[in-house]
Amino acid sequence: MDVVNQLVAQGQFTVLKQPLGFIKILQWIFAIFAFSTCGSYSGMFKMSVECKNRTESDLGIEVEFEYPFRLHQVYFDTPTCKGANKERLFLVGDYSSSAEFFVTIAVFSFLYSMAALSVYCFILEKYRENCKGAQIDFVVSAVFAFMWLVSSCAWAKGLSDVKTATDPERVITLITACEEPENRCREVHDPKVSGLNTSVAFGFINLILWIGNLWFVFKETGWMAALSGTYVPSQEKQPAPDSFAQGGYAQQDPYAGSQGGYQPEYGQQGGYTEEGGYSQGYEQQPTSFSNQM
């Protein structure tokens, strides 16, 4: 408990009130909804086959199926209406690839969102240092947004095929006894796929959340400022003032005289001597002082 209390004390939970952290919480929650509604599904539909000889009829044929929807492995027994013999039939289709892909993306989104929230709350300074953490976060978020688009579309198509393959009216056409006009076949109970419809809706909600989150992560990367020319990395020093000397500004510097430039004109009181040298006025001050003595 001490470790937990220490972590909580050091956490910066105000970021959860900002769009960067708040949207990440929504991503974490809706990822749970997505993989739970799809991965935990199990359904059932019921049919009845009423033979001309009522003793051979079966009025409660139940067919159960579940995630990951390998329907070609789901079988059921139906009467042949020719004695006590039974006919074993299998459903058609294998839609496990789209369903498992959808659930996999949802699970990894859940894990990444949880890891990102931990980074935001406890090591936000390192996340924003040199913008490297934000840039990695942006790239990963863009990948997840694309994966949500692909997986949601694929699972929506796969769900449509699952509904078709588990439609009792369609399955009845596979039963040999139902081809005889004297036998009566009908559906008793349709499968409930409302949970699967919800999973597709959650998939596209996750897509919207991850696309919307890209903007807030992009603002943390520093790329916008770099494109506009105003961004300066934190570890790079500002250019020294001497660099402006290359543009000619050193000629206007009033302090350039100390560096061998312009000299004050206080020594121009004298004139040139016969030897061609320059005689400054202040050099004759000691002579005048000695004459006074």
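Note that this is a predicted model, so its numbers are computed, not measured.

Caption draft 1: Looking closely at the nonpolar core. By size, the foremost hydrophobic cluster in this structure holds 41 residues, and its most contacted members are Met47, Phe69 and Trp155. Looking at this core, the elements that each hand over two or more residues are α2 (19–39), β1 (42–50), β2 (58–66), α3 (96–122), α5 (132–165), α6 (168–172) and α7 (194–221). Top element by residues in this core is α5. It accounts for 7 residues. Within the second largest apolar cluster, 11 residues are counted, among which are Ala116, Tyr127, Phe138 and Val217.

Caption draft 2: Examining the sheet that holds β2 more closely. Strand order in this open sheet of 3 strands is β2-β1-β5, and the pairing throughout is antiparallel. Of all strands in the sheet, those with a lone pairing partner are β2 and β5 (184–189), marking the two edges. Taking the axes of each pair of neighbouring strands and ignoring which way they run, one obtains an average angle of 25° across the sheet. Inspection of the sheet shows β1 paired to β2 by 7 bridges, in the antiparallel sense. The residue of β2 that forms the bridge with Val49 is Asp58.

Caption draft 3: Representation of the pattern of salt bridges. Within this structure, the stated rule accounts for 7 salt bridges. Salt-bridge contacts for Asp58 lead to Lys86; the nearest nitrogen and oxygen are separated by 3.8 Å. Of the two residues, Asp58 is situated in strand β2 and Lys86 in strand β4 (residues 86–90); the sequence distance between them amounts to 28 residues. Across the salt bridge formed by Arg70 and Glu100, the nearest N and O atoms sit 3.1 Å from each other. Placement of Arg70 in the loop between β2 and β3 (75–79) and of Glu100 in helix α3 is noted, with a sequence separation of 30 residues between them. Glu100 gets classed as partly exposed once you look at its relative accessible area, which sits at 29%.

Definitions and limits used
- Residues numbered from 1 in each chain as written.
- Predicted model: local features only at pLDDT ≥ 70, side-chain atom pairs only at ≥ 80, totals over all residues.
- Heavy atoms only, no water.
- Core = buried A, V, L, I, M, F, W, Y, C linked by side-chain atoms within 4.5 Å.
- Buried < 20%, exposed > 50% of the residue type's maximum accessible area, 1.4 Å probe, protein only.
- Helix = DSSP H or I, 4+ residues; strand = E, 2+ residues; numbered from the N terminus.
- Pairing = 2+ DSSP bridges.
- Axes fitted to C-alpha atoms, helices over the stretch in contact; angles between N-to-C directions.
- Salt bridge = Lys/Arg side-chain N within 4 Å of Asp/Glu carboxyl O.

Just geometry here; none of it tells us what the structure is for.
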